[in-house]
Every structure is written in C-alpha cells, then in structure tokens.
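# Per-entry structural report
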Amino acid sequence: MTRVAYIDPIGGLAGDMLLAALLDAGAPREALDDAIDALGLDGVALDVSRPVRSGMRATHVDVRTPQARGRTGEQMREIVAGSRLTPAVRTRSLDALGRLISAEAGVHGVEPVDVVLHELGDDDTLVDICGAFALLDALAIDRVVCAPIPLGRGIGAVDHGTMPLPAPATMGLLAGIPVVGVETRGELVTPTGAAIVVTAADGWGEIPAMVLRRVGTGVGTRTHADRPNVVRVTIGDASEQRGTGQAVVLLQANLDDLVPELVPDVLEACSAAGAIDAWTVPIQMKKARPGVMLSVLGRPSDERTLAETLLRHSSSLGVRVQRLERYELDRAFREVDIDGHAVRVKIGLLDGSVVNVAPEHDDCAAVAASTGRPVKQIWAEALAAATANQERDDAHAR
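The text that follows walks through the structure, step by step, so that each part is easy to find. On a predicted model such as this, the values are computed, not experimentally measured, just so you know. (Residues numbered from 1 in each chain as written. Predicted model: local features only at pLDDT ≥ 70, side-chain atom pairs only at ≥ 80, totals over all residues. Heavy atoms only, no water.)

### Here's the deal with the layout of surface pockets
Put simply, the rule is: Residues are called lining when one of their atoms sits within 4 Å of a cavity or pocket point, these points coming from a 1 Å grid over the protein atoms alone, where a cavity is a set in which a 1.4 Å probe fits but cannot get out and a pocket is an open set with protein on both sides within 12 Å along at least five of seven lines. Grid points are joined across faces, edges and corners, and a volume is the space filled by probe spheres set on the points. Amino acid classes used here: Ala, Val, Leu, Ile, Met, Phe, Trp, Tyr, Cys and Pro are nonpolar; Asp, Glu, Lys and Arg are charged; the rest, including Gly, are polar.
One number sums up the size of the second largest pocket: a volume of about 950 Å³. The residue makeup of the lining of the second largest pocket, split by class, is 18 nonpolar, 16 polar and 10 charged.

Printed below as a string of structure tokens:
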C-alpha cells in the first residue's frame, strides 16, 4: 500500500495553513516542535487552536518569531544545512528553499547568492518549510498529489513598494504547474506555500483513487466572500497493483519526409511544451526509405499539449500514444560555487538516501566559457563540492 496525501488549496495556500492541515490530519505536534528544535531557533512560539470557520471545525497555527526580517538566502540555507533535521527532511527543505531563492533571484535580476529575502527571511519561513516536510514525514506519506492552484489578483504592499498579486516570486515558482484563476481578490498563495507544494507534489489534478483514512483542514486568518479560507489535506491508502512507478505517456511518430535540419527544432519545441525527455531513433520505413522515429515522454496531464506540439512542428499526420509507468528517484537541486559562479547540481534520492549527484552541464559550460577552463574540470569540481557539502550535511545530522 502507498500512503497518499491529497492537498486541496480551496481557499489558497500558505505555509502556516498547510502546517495546520497536516496537524489536523493527525500529524503529531511533537514532530513540528522537534523540527524547530533541530533548526536551533530560539524564541519561536506556536499557538495551535481549533476555530470554527464556515461552520467547520479546523486547525489554525500561528507562528510567532522574534527574528527580524531580512536574512540572505545563503544565511537561510546555512541554518537548514547545519541543522539536526533528518536527512530526508533536510534535503527536501533545502530543495524548497532553493526554489524560493531562485524565484526571488529571477524577480530581482540578481544571482541566487546575492538574494536578500526581506519579508521571507525570518524564522517563520524556516518553520513553515521545514515543519511541512517534517509533518509529511511523520505521517509516512509516500506520495503527494495537489489540486490545481487557485490564483486571485490584486495589488500588495512589500518592502520594495507595491506589486501585483500573485507575487512575482509566486508566479515564478508555479511555472509549469496547473493553476486556475478565481474572482477572489488579494493574495491567495504565498511564495512559501508555493515553494513547499511544488517541491512536495508528485502529481497534479483530481483526487487519486484511495481508501480514505483521514481528512485535515487548516485555516488562515483572512475571510473571503466567495470561498472558505482553508486548505484541506486528504490522506488515504492507494493499492499498488502495478508497482510504484509514476504514470507517464510516450508519444511517437515515424517520419521519412522531415528535413533533417528541422529535427532538433521539433525536439526543442517538445521540451519547451513540458516533455520529460525527447529523442530520435533512425529507422527503415516502407519502400526501404530511411526515416526517423520521434519519441517524446511526458506526464499524462501534458499529453494533448505534447501531441499538438508534435503535429504542429513536424511533418507527421498522426501521433501514437502509450500509457506507461516509470520508476523515478526523488530529486533535489543544490548550488555550489565554482570560481565565483553558481553551478546547479541535481541530487537523486532513493528512500531519502542520496544515490546520484550530477552537475548541470549547461551551468558547467557557461562557467567554462567565462573562465576559459575545460568543461570537464568545472564538472569535476562541482561534483566534488556537492559531494563534500552532502557529506558535511550528513555529519551535522548525525
């Protein structure tokens, strides 16, 4: 059996609302307290209450912290990396924090190492992120599925002045994620909430088939005219009849009339449309004509988009589809500094243990071009730095 958590952000999504929903679904308060203690945060106080909203009993979490705002992204990373969180919780938390920092860097046009998190640079953010993954771990959740994210609109005030809502960082974090526009005014989804759910979710869409076990409702402080301000987490057991692979679709087309120079353009278009992978295989077609088979791997939710992309950008008159499963490692991203340049490193996790570490080739190539050094040297140094960082994090955890 696989324990599944389905997150339904009915009234939006914020870190404290998700903590409340997980606690309401049966996660032990001690797991949240232990995560705060493992982070070494002093003066953090949690108020957990059970208000009634819209006629429903729910859980509300108020995280009160003494820390002033304005830590840098790197300072926040150091706190988590040097914490006594379990390796699995620490790795997922660093992944979410890294996504948040990268989104803020993109908004402000700076390098991730130079990001100052302002409103998000306090203990509250650390409690929300690390606490959420600690509670998911305490509930023994194997898979997280999330409903499409509701987005309102409006104008908000921050340290930089006024900004459109949803916040630019939130929009950056939700790139490639199913969202739905609603009439509710204001900020429904915070950057922290988006970073958590984008990192945690293994799938998106409707509630999966399961034997329902628990339901938790977390409530915020605001009141909306058109919807309850709640996040609901449904937990259940899904029967594994065909293994524990992730659902994927394989789209293919055989071509003998596509100009060879255009083949890379088709593959790039499919990648831009959300393909997990895209490749070609040389084949022999009817009348002994040499041809090529285009193959595109994607998520079921992207099937139609990928099929239309293949038809639009290639010379094919049709696309065949196979629905498959594939086993996947959990993934996280870290950054290392090589000659003053940031290089992303992909971490592959199996049951919380690191089994693969791979620097991003494009980043290595960019650093090599800037420094005049061989790509292979940059790649090797990035791998060594990432491995050393992981070993140091593991040592802290012990």
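### So, the packing of helix α5 (residues 123-138) against helix α7 (residues 191-200)
Heads up, the rule is: Note on geometry: axes are C-alpha line fits, over the in-contact stretch for helices, and angles between N-to-C directions span 0 to 180 degrees. Secondary structure elements follow DSSP: runs of H or I no shorter than four residues count as helices, runs of E no shorter than two count as strands, and numbering proceeds from the N terminus. In what follows, roughly perpendicular refers to angles from 65 to 115 degrees, roughly parallel to angles under 35, roughly antiparallel to angles over 145, and oblique to any angle outside these ranges. A crossing counts as left-handed when the near helix is turned anticlockwise from the far one by less than a right angle, and as right-handed when that turn is clockwise. Contact definition: two residues touch when any of their heavy atoms are within 4.5 Å.
Closest axis-to-axis distance for the α5/α7 pair is 10 Å, and the angle between their directions is 30°. As summarised for this structure, α5 and α7 are arranged roughly parallel, according to the angle between their axes. In the packing of α5 onto α7, the handedness of the crossing is right-handed. Taking contact as the criterion, the partners of Thr125, Asp128, Ile129, Ala132, Phe133 and Leu136 in α5 are, on α7, Thr192, Ile196, Thr199 and Ala200. Partitioning the contact of α5 with α7 into residue classes produces six nonpolar, three polar and one charged.

### Regarding the sheet that holds strand β1 (residues 2-8)
Put simply, the rule reads: Think of it this way: DSSP has to see at least two bridges between two strands before they count as a pair.
With mixed pairing, five strands are arranged side by side in an open sheet as β10-β6-β1-β12-β11. For this open sheet the edge positions go to β10 (203-204) and β11 (211-219), each flanked by a neighbour on one side alone. The pairing of β1 with strand β6 (residues 143-146) spans four bridges and is parallel. Following the sheet pairing, tyrosine 6 is matched in β6 by valine 145. Strands β1, β11 and β12 (230-238) of the sheet are contacted by helix α1 (residues 15-24), whose axis makes an angle of about 140° with β11.

### Regarding unusual backbone geometry
Applicable threshold: Throughout this description, buried means an accessible area under 20% of the type-specific maximum (1.4 Å probe, protein chains only), exposed means over 50%, and partly exposed covers the range between.
Residue proline 166 is bonded to the preceding leucine 165 through a cis peptide linkage, with omega at 0°. With respect to the element layout, proline 166 can be found in the loop between β8 (161-165) and α6 (168-173). You will see that alanine 140, though not glycine, has its phi angle at about 60°, which is positive. One can find alanine 140 in the loop between α5 and β6. For lysine 287, which is not glycine, the phi dihedral falls at a positive 60°. Along the chain, lysine 287 falls in the loop between β14 (277-284) and β15 (290-298). A residue is classified by how much of its surface remains accessible, and lysine 287, at 68% relative accessible area, is exposed.

### Quick look at the environment of valine 197
Checked against the element boundaries, valine 197 lands in helix α7. Residue valine 197 is classed as buried on the basis of its relative accessible area of 1%. Spatially, the C-alpha atom of valine 197 lies 9.6 Å from that of isoleucine 129, the residues being 68 residues apart in sequence. When residues no more than four places from it in sequence are discounted, the contact partners of valine 197 are Ile7, Leu13, Cys146, Ile149 and Trp204.

### What about the pairing of β15?
Taken across its nine residues, β15 has eight buried, putting it largely inside the fold. Taken together, the seven bridges between strand β13 (residues 246-255) and β15 define a ladder with antiparallel strand orientation. The residue bridging glutamine 252 from the neighbouring strand is serine 295, located in β15. Both β14 and β15 contribute to a ladder of eight bridges, which runs antiparallel. Within β15, the residue paired with isoleucine 283 across the bridge is glycine 291.

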